[in-house]
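Remarks on the overall topology
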Amino acid sequence: MAHGSKLDALVWEEFSSNWEELSYQARCILSNIKSESIDKIMIEPEIAMIPEGRVREQLVKNRIGQYFFRMAVLNSYDNKCCITGLAMPELLIASHIKPWKDADSRTERTNPMNGLTLNALHDKAFDRGLITVTPDYIIKVSSEIRPSVKGDTVEDWLLSFANQKIRMPNKFFPRKEFLEFHNDVIFKT
């Protein structure tokens, strides 16, 4: 709001943390403009035109060997997230350390040593380079995750694991060259 007035700043401060009140006040103004009761305005649909939900057929590529990779990685970590210890297989992902698109099809894509068992949140953070695992198996958190969010779930679910060692698998230890790739290419320091 570099070019806004002081009144603009006051209005912004009043409503920026209370969107429900902003919506209600906007509907009150609209009811005055239309000379209609607020009750009629409140029941108008939020979206003028809702698109039809349809299905279409499409050709997809399947990753051959992905099932083997998933089973080998999850079993090697005893079906537990290597960061949190979460033991709900339906929430766990056999995450590629060196991404499928960058990995060699013969020796890396389905290699269980190119995998970590992560829960869905940590898998997404790992894929996006917001967390990594160093070659000595230490969890690093990107500076892009703001440490100023004290008391927030970000602190509990991401920052609290920084500099801790992952839970090690009982077989198929993550290969250091895959971890180095993730640290050098994917991780956002």
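Residues numbered from 1 in each chain as written. Predicted model: local features only at pLDDT ≥ 70, side-chain atom pairs only at ≥ 80, totals over all residues. Heavy atoms only, no water.

**Describing the overall build of the chain**
As a reminder, the rule being used: The way it works is that DSSP assigns letters per residue, a run of H or I at least four long becomes a helix, a run of E at least two long becomes a strand, and they are numbered from the N terminus. We compute the radius of gyration over the C-alpha atoms and compare it with the globule rule, which gives 2.2 Å times the number of residues raised to the power 0.38. We call a residue buried when its accessible area falls under 20% of the maximum for its residue type, exposed when it is over 50%, and partly exposed in between, using a 1.4 Å probe and counting protein chains only. When checking whether two residues touch, look at their non-hydrogen atoms; a contact exists if any pair is within 4.5 Å. Per-residue accessibility takes into account occlusion by the displayed protein chains alone, with areas from the Shrake-Rupley method and a 1.4 Å probe.
Helices and strands together make up the secondary structure of the chain, namely 7 helices and 4 strands. Helices and strands appear in the chain in the N-to-C order α-α-α-α-β-β-α-β-β-α-α. Against the compact-globule benchmark of 16 Å for 189 residues, the chain has a radius of gyration of 24 Å, which places it well outside the compact range. Overall, the C-alpha framework of the chain stretches about 70 × 45 × 30 Å when taken along its three principal axes. In the chain, buried positions account for 32% of the 189 residues. Expressed as a percentage of contacts within the chain between residues at least 6 apart in sequence, the contacts between residues at least 24 apart total 63%. Accessible surface for the chain amounts to roughly 13,000 Å². Of this, 55% is attributable to carbon and sulfur atoms.

**Observations regarding the side chain of histidine 122**
To keep it simple, the criterion reads: Definition of a polar contact: a pair of N or O atoms within 3.5 Å, with one able to donate and the other able to accept a hydrogen when the atoms are protein atoms, and with sequence-neighbouring residues admitted only if both atoms are side-chain atoms.
On the secondary structure map, histidine 122 appears in helix α5 (residues 120–127). What makes histidine 122 buried here is its relative accessible area of 1%. A distance of 2.8 Å separates the side chain of histidine 122 from the side chain of asparagine 119, its partner in a polar contact. In this structure, histidine 122 is in contact with Ile83, Thr84, Ile131, Trp157, Leu158 and Phe161, ignoring residues within four places of it in sequence.

**Let's talk about the environment of isoleucine 38**
Mapped onto the secondary structure, isoleucine 38 falls in helix α3 (residues 38–42). Setting aside residues no more than four positions away along its own chain, isoleucine 38 makes contact with Tyr24, Arg27, Cys28 and Ser31.

**Notes on the pairing of strand β2 (residues 115–119)**
Here β2 lies mainly inside the structure; 5 of its 5 residues are buried. The two faces of β2 match: Gly115, Thr117 and Asn119 on one face and Leu116 and Leu118 on the other face are all buried.

**Some thoughts on the nonpolar core**
Which entries qualify depends on this criterion: Take the buried residues of types Ala, Val, Leu, Ile, Met, Phe, Trp, Tyr and Cys, join any two whose side-chain atoms come within 4.5 Å, and each joined set is a nonpolar core.
Of all hydrophobic cores here, the largest spans 26 residues; its most connected members are Cys82, Ile83, Leu116, Leu118, Phe126, Ile131 and Ile166. Looking at this core, the elements that each hand over two or more residues are α4 (66–76), β1 (92–96), β2, α5, β3 (131–133), β4 (139–141) and α7 (176–186).

**Looking at the environment of serine 95**
Looking at the secondary structure, you find serine 95 in strand β1. Look at serine 95 and you get buried, because its relative accessible area is 1%. Distance from serine 95 to glutamate 20, taken between C-alpha atoms, is 39 Å for residues 75 residues apart in sequence. In this structure the side chain of serine 95 is engaged in a polar contact, spanning 2.8 Å, whose partner is the side chain of aspartate 123.

**Some words on unusual backbone geometry**
Here aspartate 78, not a glycine, exhibits a phi torsion of approximately 55°, which is positive. Locating aspartate 78 in the fold gives a position in the loop between α4 and β1. A relative accessible area of 49% means that aspartate 78 is categorised as partly exposed. Positive phi is not limited to glycine here, since asparagine 79 has a value of about 55°. Among the secondary structure elements, asparagine 79 is positioned in the loop between α4 and β1. Taking relative accessible area as the criterion, asparagine 79 reaches 26% and is therefore assigned partly exposed.

**Digging into the pattern of salt bridges**
Side-chain pairs of opposite charge can arise whenever the charged atoms involved come near each other. The line we're drawing: Salt bridge, as applied in this entry: a Lys or Arg side-chain nitrogen positioned within 4 Å of an Asp or Glu carboxyl oxygen.
All told, the structure shown has 3 salt bridges when counted by the stated rule. For lysine 98, the salt bridge is made with glutamate 108, and the minimal N-O distance between the two is 3.1 Å. Here lysine 98 is found in the loop between β1 and β2, whereas its partner glutamate 108 is found in the loop between β1 and β2, with 10 residues between them in sequence. Judged by its relative accessible area of 14%, lysine 98 is buried.

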